[in-house]
Amino acid sequence: MPRPIALPTPVLGSEPPAGLEESLAGLRDEFLLRFGGVSGAADRAVRTFFSPGRVNMFGGHLDYNGGPVLPVAIDRGTFLAVRPAGEEGLIRLMTVFGDDVFEGKIDALPPAASGKWFDYPVGVIRALLADGSRGLSGGFDVLFGGNLPVGAGLSSSASITVGTAFALDQVFGLGLDPMDRVAAALDAERGYVGVQCGIMDPFAVGFAREKQVLWLDCKDESFEHLPLDFKKLSIGVMDTGVQRALARGEFNRRVAECKAAFEALKHLAPGATVLRDVPRETVEAHVDSLDPDVAKRALHVVQEVERTFRAREAFLAEDFVELGKAMTETHRSFQTLYECSCEELDVLVDAAVAQDGVYGSRLTGAGFGGCIVMLVAAGAEEEVSRGVADAFEARYGRRPPAAFFQGDAGPREVRIPR
Ligand code: GLA
């Protein structure tokens, strides 16, 4: 198998990325180069898919506490080229971004994660196989690519896991519904990769709808699509370029601290099944009885729940000033109570909220590095990204990339002309 030089991983940029059809045609050519096949039957058997990333705007670190969240999918994500590979059951997975190749038999997939990128799709395949009625059998080859920065808080992980479930569903006719795909993605992340993430990211990707944001109540998994008028408001993202090696450990620690808070407080809130159910006053009245870090995390959660409901009202009323205020307050709480920000993120947020045309800003994703999100008045995008980049450059000597988004329609097959 030829192994062409790995491409650099994607970065955000002010230029719009190349069109999907063009990008996926390139991926299909690369697939044929790596896995073999010439124009004709082999070529036609390769199917190509797109799966978006997401920005989470409201409800920070609430999903695994059963709270409400408001994310939106973005038109950057994972590209997949897939072709069934016969009855021998050999699965081969490659990425254009690196040299690590996965090869394994469908009936002998590794039981433990390897720490490599392909743990995500392998975890999904294992989840789909665990339900023997799904009819996934025979081997296949997949080449992954994409235009989403990895590890930047834009959910490259849900993009690849939901995308894998979606593409295999289409290629093998597995009859999955969107909830099945979300479940396979969650199984892969929690049970195989080992990140105790909440449900927000795979929901945001798997249930995305064009020009709409998702209101998701993570306690009962009820959700609703809310329209956003992108003629008035733009969703901006800027990347610090900081990737924290410790982020996964810190994330799991936050999950454990919230669990500890709930265990300590639940007897004070009859009927509570998640930390979100514990009244704010109860947490505030008992902070002294908790470990100081646990107390701070719990305070963030109960205040963030209130703030997110407030944000929902402001969103529905198109009160962007109030909406932006709630967003920036979340960032302040991330700095002081949840302690999941970092200096570069704070510099970007401070610079963002100082610009005319910015209603509010916060870190997006889990934090500890990665991107900020900004609510920007439509028309002010260029000036805002220039102003924020100037401030960041004055401090760090480099300009952080920016992009503006209008939502995305969710995972889909992209048919390319032959
Ligand atoms: C990561 C996790 C999500 C969520 C956010 C924080 O993106 O994957 O489940 O907890 O962090 O809001």
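Structural data are supplied above this passage.
Residues numbered from 1 in each chain as written. Predicted model: local features only at pLDDT ≥ 70, side-chain atom pairs only at ≥ 80, totals over all residues. Heavy atoms only, no water.

*Asks:* I tried to follow unusual backbone geometry on my own but got confused; where do I start?
*Replies:* Both trends apply: most residues other than glycine have a negative phi, and most peptide bonds are in trans. Even without being glycine, His61 reaches a positive phi, approximately 60 degrees. For His61, the position within the fold is in the loop between strand E1 (47–58) and strand E2 (68–84). Taking the relative accessible area as the measure of exposure, His61 reaches 7% and is therefore buried. You will see that Phe368, though not glycine, has its phi angle at about 65 degrees, which is positive. Position of Phe368 among the secondary structure elements: in the loop between strand E9 (358–363) and strand E10 (371–377). (Helix = DSSP H or I, 4+ residues; strand = E, 2+ residues; numbered from the N terminus. Buried < 20%, exposed > 50% of the residue type's maximum accessible area, 1.4 Å probe, protein only.)

*Asks:* It is not clear to me how the site of the ligand should be interpreted in this structure. Could you clarify?
*Replies:* Close to the ligand lie 13 residues; Arg54, His61, Asp63, Gly198 and Asp201 are nearest. One of the side-chain N or O atoms of Asn56 is found 3.4 Å from an oxygen atom in the ligand. At a separation of 2.8 Å, an oxygen atom of the ligand approaches a polar side-chain atom of Asp201. Considered on its own, the ligand offers 310 Å² of accessible surface; in the complex 93% of this is hidden by protein. Of all the secondary structure elements, the ones that give two or more residues to the shell around the ligand are E1 and helix H6 (200–206). (Near = heavy atom within 4 Å. Polar contact = N/O pair within 3.5 Å; in protein donor to acceptor, adjacent residues only side chain to side chain. Areas by Shrake-Rupley, 256 points an atom, 1.4 Å probe, with all protein chains shown as cover.)

*Asks:* Explanation requested: helix H3 (residues 119–130) in the structure shown.
*Replies:* Side chains of residues three or four places apart in an α-helix project in the same direction, reflecting 3.6 residues per turn. For H3, built from twelve residues, the straight-helix expectation of 16 Å at 1.5 Å per residue is met to within 8% by its first-to-last C-alpha distance of 16 Å. Burial runs high along H3: nine of the twelve residues are buried. Of all the residues in H3, the buried ones are Asp119, Tyr120, Pro121, Val122, Gly123, Val124, Ile125, Ala127 and Leu128. (Expected span 1.5 Å × (residues − 1).)

*Asks:* Got a minute to help me understand the state of the cysteines in this structure?
*Replies:* The term disulfide refers to a covalent linkage connecting the sulfur atoms of a pair of cysteines. This model, assessed by the stated rule, comprises zero disulfides. Just so you know, Cys197 is unpaired, no disulfide at all, and the nearest cysteine sulfur is the one on Cys218, 11 Å from it. Overall, Cys197 belongs to the buried group, its relative accessible area being 10%. Free cysteine Cys342: the closest other cysteine sulfur is in Cys340, separated by 9.7 Å. (Disulfide = S-S within 2.5 Å.)

*Asks:* Is there a simple way to explain the pairing of strand E8 (residues 233–239) in this structure?
*Replies:* On a regular strand, each side chain points to the face opposite its neighbour's, so the side chains alternate between the two faces of the sheet. Most of E8 sits out of view: seven of its seven residues are buried. The side-chain alternation of E8 yields two buried faces, one formed by Leu233, Ile235, Val237 and Asp239 and the other by Ser234, Gly236 and Met238. Of the strand pairs in this sheet, E8 and E10 are connected by seven bridges, and their pairing is antiparallel. Looking at E10, one finds that Val237 is bridged to Val373. Relative to strand E11 (residues 402–405), E8 runs antiparallel, the two sharing four bridges. Bridging across to E11, Ile235 finds its partner in Phe405. (Pairing = 2+ DSSP bridges.)

Any link to function would need more than the numbers given here.
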